Amino acid sequence: NHMDHSHLDQHVNNIILIRKGFGPKRIGYELSTRGISSSVSSEALDEVGGWKEAAIEVFNKKYKDGVADDFKSKSKQKVFMQNRGFSFQEIDSVIS
C-alpha cells in the first residue's frame, strides 16, 4: 500500500522545509495537523532520515558550551530536545 512516488517526494520536500531545528516526532505532528496520515508521514520521515545528525546540529546550535555537567541542567537540555520533537534514542545520542 505504498503511495505513488511523486506524492511521497512531495511529503519528503515538506519535511525538509520544516525540518530546520525540529525532530521527526514534532514534524510528524505538524504533518498530521495538515491532514497527512501517520503512515504516510512516517514513510516520508524514514525517507528523509539523518535524525541523529539533525539532533546534534540543533543541540550544538542551542548549547554552544556542550552537554551540561550537572543533572538539573542536563535534564533541561533533554526537555528542550524533547520539545523539539526528537526521540529519546536521538537525544541520548547527543546527551549521554
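Residues numbered from 1 in each chain as written. Predicted model: local features only at pLDDT ≥ 70, side-chain atom pairs only at ≥ 80, totals over all residues. Heavy atoms only, no water.

### Notes on the overall build of the protein
Then comes step 1: Along the protein, the regular secondary structure elements total six helices and zero strands.
Then comes step 2: In the protein, the succession of α and β elements from N to C terminus is α-α-α-α-α-α.
Then comes step 3: Per-residue burial for the protein yields a buried fraction of 35% across its 96 residues.
Then comes step 4: Put simply, 61% of the contacts in the protein that link residues at least 6 apart link residues at least 24 apart. (Helix = DSSP H or I, 4+ residues; strand = E, 2+ residues; numbered from the N terminus. Buried < 20%, exposed > 50% of the residue type's maximum accessible area, 1.4 Å probe, protein only. Contact = heavy atoms within 4.5 Å.)

### With respect to the nonpolar core
Then comes step 1: Judged by nonpolar contacts, the single largest core of 21 residues is most densely connected at Ile15, Ile27, Trp51, Phe59, Met81, Phe86 and Ile95.
Then comes step 2: Among the elements of the structure, α1 (5–19), α2 (24–33), α3 (38–48), α4 (51–62), α5 (71–83) and α6 (88–94) are those that each provide at least two residues to this core.
Then comes step 3: Broken down by element, the residue count for this core peaks at five residues, all from α4.
Then comes step 4: If we ignore the near neighbours within four places in the chain, the residues touching isoleucine 15 are Ile27, Leu31, Ser41, Ala44, Leu45, Val48 and Trp51. (Core = buried A, V, L, I, M, F, W, Y, C linked by side-chain atoms within 4.5 Å.)

### Describing α5
Then comes step 1: With 13 residues, α5 ought to run about 18 Å at 1.5 Å a step, and its terminal C-alpha atoms sit 18 Å apart, in line with that.
Then comes step 2: Within the span of α5, buried status applies to Gln77, Phe80 and Met81. All buried residues of α5 fall inside an arc of 95° around its axis, so they share one side. Set apart from the buried face of α5 by more than 90 degrees, the exposed residues are Phe71, Lys72, Lys76 and Asn83.
Then comes step 3: Where α5 is buried, its residues touch α4 and α6.
Then comes step 4: At the C-terminal side of α5, glycine 85 shows a positive phi close to 95°. (Expected span 1.5 Å × (residues − 1). Arc of directions from axis to C-beta.)

### With respect to the environment of asparagine 14
Then comes step 1: Looking at where asparagine 14 falls in the secondary structure, it is placed in helix α1.
Then comes step 2: Look at asparagine 14 and you get partly exposed, because its relative accessible area is 24%.
Then comes step 3: C-alpha of asparagine 14 to C-alpha of isoleucine 27: the two residues are 13 residues apart in sequence and 9.5 Å apart in space.

### Structural notes on the pattern of salt bridges
Then comes step 1: One pass over the structure, following the stated rule, counts one salt bridge.
Then comes step 2: With its nearest N and O atoms 3.7 Å apart, the salt bridge here joins arginine 26 to glutamate 30. Separated by four residues within a single helix, arginine 26 and glutamate 30 lie in helix α2, roughly one turn from each other.
Then comes step 3: A residue is classified by how much of its surface remains accessible, and arginine 26, at 30% relative accessible area, is partly exposed.
Then comes step 4: By relative accessible area, glutamate 30 is classed as partly exposed at 26%. (Salt bridge = Lys/Arg side-chain N within 4 Å of Asp/Glu carboxyl O.)

Such coordinate-based values are descriptive only and should not be taken to indicate function.
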